[in-house]
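# Chain and residue survey
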Amino acid sequence: MDFDGVMFDVQAAMGPEAREKAITGLLMSRQPRSRPVPVTWSFFGAYQTLEFLARREPDHAVEAEALMSRLEVDAALTVRPARDLDQLLAVCAAAGRKVAVISDLSEDAVLATLRAHTLDRYVAAVAGRQGLDLPGIDAGCTAERAADLLGVPVASCLVVSGSFLRLYRARRTGAIGLGCECGRDSRKHLAFDQTPVVSNLATLTQALLAP
């Protein structure tokens, strides 16, 4: 299950370009360095900037990722769970369905938030961003890692997301995709290639309870 969007709306809590602005502030506070691109302003997005720093300025990369992680933790802890999330997870647990959470946010943010809302008791695995392992945040990679942690083939996993791109990447690994309208992408885009879409988590819960 995709953490940001389906389970919690961390993106809204952080605000637009919050991570980019934080990295910009960090780099501006450090001794200026000659760079081939104006990375100081994080024009290319948080992850692209981290990739650049990881290649050329590893000391700054470590600082920037730690700052991003703290920002994500702080924002995630202010957000309430999506409506009916606790009931859905309880139904999955009662039926013996293992739940893993995937995210491009830091694992610290995901774990801290699940624990804060006592939802961690329903979650068997978490696959989020681990430090500067940026290739690993691709939804296909997190889906595969989650499947490995659950001890099941990825082809037997249902990936629930409100992001067209994450569903697409997860499905490329062989996972089954299910779109959920949660304010990210529209039903029209989520339903690409005949991917089924539910309007909310309550609909999915009802489907799981159906005989």
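Residues numbered from 1 in each chain as written. Predicted model: local features only at pLDDT ≥ 70, side-chain atom pairs only at ≥ 80, totals over all residues. Heavy atoms only, no water.

### Quick notes on the packing of helix α4 (residues 58-76) against helix α6 (residues 107-116)
In the contact formed by α4 and α6, the axes pass within 8 Å of each other and the chain directions differ by 20 degrees. Comparing the axis directions of α4 and α6 gives the class roughly parallel. Crossing angle aside, the handedness with which α4 passes α6 is right-handed. Contacts between α4 and α6 pair Ser 69, Glu 72, Val 73 and Ala 76 from the former with Asp 108, Ala 109, Ala 112 and Thr 113 from the latter. Partitioned by chemical class, the residues of the contact of α4 with α6 number four nonpolar, two polar and two charged. (Axes fitted to C-alpha atoms, helices over the stretch in contact; angles between N-to-C directions. Helix = DSSP H or I, 4+ residues; strand = E, 2+ residues; numbered from the N terminus. Parallel < 35°, antiparallel > 145°, perpendicular 65-115°, else oblique. Left-handed = near helix turned anticlockwise from the far one by under 90°. Contact = heavy atoms within 4.5 Å. Nonpolar A, V, L, I, M, F, W, Y, C, P; charged D, E, K, R; others polar.)

### Section: the packing of helix α5 (residues 85-94) against helix α10 (residues 201-209)
Running from amino to carboxyl end, α5 crosses α10 at an angle of 20 degrees, the nearest separation of the two axes being 9 Å. Looking at the two axes, α5 sits roughly parallel to α10. For the element pair α5 and α10, the recorded crossing hand is left-handed. Contact residues: Leu 85, Gln 87, Leu 88, Val 91 and Cys 92 in α5; Leu 201, Leu 204, Thr 205, Leu 208 and Leu 209 in α10. Residue classes in the contact of α5 with α10 are distributed as eight nonpolar, two polar and no charged.

### Some remarks on the pairing of strand β1 (residues 100-106)
Burial within β1 is extensive, with seven of its seven residues counted as buried. In the sheet, β1 pairs with strand β2 (residues 125-129) via four bridges, with the strands oriented parallel. Bridge pairing in β2 places Ser 106 opposite Arg 129. Taken together, β1, α6 and β2 constitute a β-α-β crossover, and its handedness is right-handed. (Buried < 20%, exposed > 50% of the residue type's maximum accessible area, 1.4 Å probe, protein only. Pairing = 2+ DSSP bridges. Right-handed = clockwise from strand over helix to strand, strands pointing away.)

### A closer look at the sheet that holds strand β3 (residues 158-161)
Taken in spatial order, the three strands make up an open sheet running β3-β4-β5, and their pairing is parallel. The sheet is open, and its two edges are formed by β3 and β5 (197-198), each paired on a single side. Looking at chain direction, β3 and strand β4 (residues 176-180) are connected through four bridges and run parallel. Within β4, the position partnered with Leu 158 by the bridge is Ile 176.

### Topic: the nonpolar core
Formed by 30 residues in total, the largest nonpolar core has its most connected members in Phe 3, Met 7, Phe 8, Val 10, Leu 85, Val 101 and Leu 114. Counting residues per element, the ones that place at least two in this core are α1 (10-14), α4, α5, β1, α6, β4 and α10. Aside from chain neighbours lying at most four places away, what touches Val 101 is Met 1, Phe 3, Met 7, Val 110, Leu 114, Val 123, Ala 125, Val 126 and Ala 127. (Core = buried A, V, L, I, M, F, W, Y, C linked by side-chain atoms within 4.5 Å.)

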